[in-house]
Amino acid sequence: MQFQESGLGLFGWYDNDMAIFGGKRSNRVHPAGHLWCKFVVYDMVHRHSTGNDRAVGSMELLIEYPIDETAPLLIRKLLNFEIDKDLRRNPRKGQPGEGLGRRAIEALSRSITDEIEILDIKPSARGFWEKMGVEMHREQKRVNGTLKPALTLEHRADAPSASGPRP
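The sections below set out a description of the structure shown in this document.

### Some words on helix 2 (residues 100-111)
Reasoning step 1: End to end, helix 2 covers 16 Å across twelve residues, agreeing with the expected 16 Å (1.5 Å per residue, within 8%).
Reasoning step 2: Of all twelve residues that make up helix 2, nine are buried, and the element is covered over most of its length.
Reasoning step 3: Among all positions of helix 2, only L100, G101, R103, A104, I105, A107, L108, S109 and S111 are buried.

Written out as structure tokens, the structure is:
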């Protein structure tokens, strides 16, 4: 995934499959040197085939701002990931899914350089997160998980090398 800033404080990551873009500040409390930011998830395959943007979901990310201003921004945590309800699979209505949730989390995994924490995993979503390879653990009354970078999950021939540029 490539990192891009667009001005007005907006930024994100993108590749030929998905884009995670926004960076609008959330009102959540954050530790020093970090910000909670809201992002929109875009289907870039749709954009390349039709020429139209297609927002498919949203997520909040805890972003770490490094001391060295030339260093990349780092994603540390994920909260409130959601694919728009009208785009989700609904087996009761016989609707197949498009794999947008899987593609969005795989894109996030390609965007990170270190493990990130998935916060407050809902009971109804645990099967999805297990399929995504997230290691879950209980913290008080909530279940959180750990998402690993794509290069540690899967070594594909088409995956960028670990020594390649970072966003």
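### So, the pattern of salt bridges
Reasoning step 1: Using the criterion set out here, one finds 17 salt bridges in the structure.
Reasoning step 2: Between R76 and D114 there is a salt bridge, and its shortest N-O distance comes to 3.3 Å. Here the residue R76 occupies a position in strand 6 (residues 74-83), and D114 occupies one in the loop between helix 2 and strand 7 (116-118), the gap between them amounting to 38 residues.
Reasoning step 3: Residues E135 and K148 are paired through a salt bridge, measuring 3.3 Å at the closest nitrogen-oxygen approach. Here E135, found in strand 8 (residues 135-139), pairs with K148, found in the loop between strand 9 (142-147) and helix 4 (150-153); they are 13 residues apart in sequence, far enough to count as distant.
Reasoning step 4: Its relative accessible area of 45% is what places E135 among the partly exposed residues.
Reasoning step 5: Salt bridges sharing common partners tie together D15, D17, D43, R54, E98, R103 and R110.

### A look at the packing of aromatic side chains
Reasoning step 1: This structure, assessed with the given rule, holds eight aromatic pairs.
Reasoning step 2: A centroid spacing of 5.1 Å and a plane angle of 75 degrees characterise the contact between F128 and W129, whose relative ring orientation is edge-to-face.
Reasoning step 3: On the basis of relative accessibility, which here comes to 5%, the residue W129 falls in the buried class.

### Side note on the pairing of strand 9
Reasoning step 1: Of all six residues making up strand 9, five are buried, and the element is well covered by its neighbours.
Reasoning step 2: Relative to strand 9, strand 7 runs antiparallel, the two being bridged by three bridges. Residue pairing in the sheet places I116 in a bridge with L147 of strand 9.
Reasoning step 3: Here strand 8 runs beside strand 9; their pairing, made up of five bridges, is antiparallel. In the strand pairing of strand 9, E139 is matched with R142.
Reasoning step 4: Hairpin connection from strand 8 to strand 9: two residues lie between these consecutive antiparallel strands, with Q140 at a positive phi of about 55 degrees.

Reading guide: rules and limits
Residues numbered from 1 in each chain as written. Predicted model: local features only at pLDDT ≥ 70, side-chain atom pairs only at ≥ 80, totals over all residues. Heavy atoms only, no water. Helix = DSSP H or I, 4+ residues; strand = E, 2+ residues; numbered from the N terminus. Expected span 1.5 Å × (residues − 1). Buried < 20%, exposed > 50% of the residue type's maximum accessible area, 1.4 Å probe, protein only. Salt bridge = Lys/Arg side-chain N within 4 Å of Asp/Glu carboxyl O. Phe/Tyr/Trp six-rings, centres within 6.5 Å; stacked < 30°, edge-to-face > 60°. Pairing = 2+ DSSP bridges.

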